[in-house]
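Observations on the three-dimensional arrangement
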Amino acid sequence: MYALSEIRQLDMEITSKCQAACPLCPRTDNKDLIISEVSLDRFKKWFPETFLKQLEEFYICGNYGDGAIGGDTVEIYEYLRLINPDIYLSLNTNGSARSDKWWIKLAELDVHVIFALDGMEDTHSKYRVNTSWQKVIDNAKTFIHHGGS
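Described below are features of the structure shown in this document. Computed from a predicted structure; not experimentally measured.

In this structure, R98 is a non-glycine residue whose phi angle is positive, near 85 degrees. Along the chain, R98 falls in the loop between β3 (88-93) and α4 (100-108).

Put into structure tokens, the structure is as follows:
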């Protein structure tokens, strides 16, 4: 068993929201799925600053939702960067949402992003239903152009 003071890495499902309807995703056609997300206020209540300062890595990688859809995702990353400037931040996403401004902010916060592309332009929508291959490419280019990795 780990003591709270020993935890160095946190992987969080920040939202169950997602615009995609991927055929093999457990959220697709799931009538029992409760749509929810973690707000910045709730995040602050759950995790005291002393805990956040000890973390070395923080990941948002959803099983049901896409962190890029979460309403306070950037604000949570900003808060983490403020509390713990050296923490490694990461986001896994289908990448087919948000504005250029949003992706630029993520790059400025030094969040490592994994864009989930399935196939090429002609096959992507078969696996990532309700997403746009071109939007993913455009968002990734914007993110990378502004220093994102």
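Bringing the nonpolar core into the picture now. Counting 33 residues, the largest nonpolar core has F43, L52, F58, Y77, L80, L91 and L106 as its most contacted members. Top contributing element to this core by residue count: helix α3 (residues 73-83), with six residues. Here F58 is in contact with L10, M12, F43, I76, Y77, L80, I87, Y88, L89 and S90, once residues within four sequence places are set aside.

You can see S96 is positioned in the loop between β3 and α4. A relative accessible area of 11% means that S96 is categorised as buried.

Let us look at the pattern of salt bridges. Across all of its chains, the model carries three salt bridges by this definition. Two residues, E37 and K17, come together in a salt bridge whose shortest N-O distance is 3.5 Å. With E37 in the loop between β1 (9-12) and α1 (40-46) and K17 in the loop between β1 and α1, this residue pair connects regions lying 20 residues apart in the sequence. With a relative accessible area of 24%, E37 lands in the partly exposed category. D118 is the salt-bridge partner of R128, the closest N and O atoms lying 2.6 Å from each other. Here the residue R128 occupies a position in the loop between α5 (124-127) and α6 (133-145), and D118 occupies one in the loop between β4 (111-115) and α5, the gap between them amounting to ten residues.

Calculation criteria
- Residues numbered from 1 in each chain as written.
- Predicted model: local features only at pLDDT ≥ 70, side-chain atom pairs only at ≥ 80, totals over all residues.
- Heavy atoms only, no water.
- Helix = DSSP H or I, 4+ residues; strand = E, 2+ residues; numbered from the N terminus.
- Core = buried A, V, L, I, M, F, W, Y, C linked by side-chain atoms within 4.5 Å.
- Buried < 20%, exposed > 50% of the residue type's maximum accessible area, 1.4 Å probe, protein only.
- Contact = heavy atoms within 4.5 Å.
- Salt bridge = Lys/Arg side-chain N within 4 Å of Asp/Glu carboxyl O.

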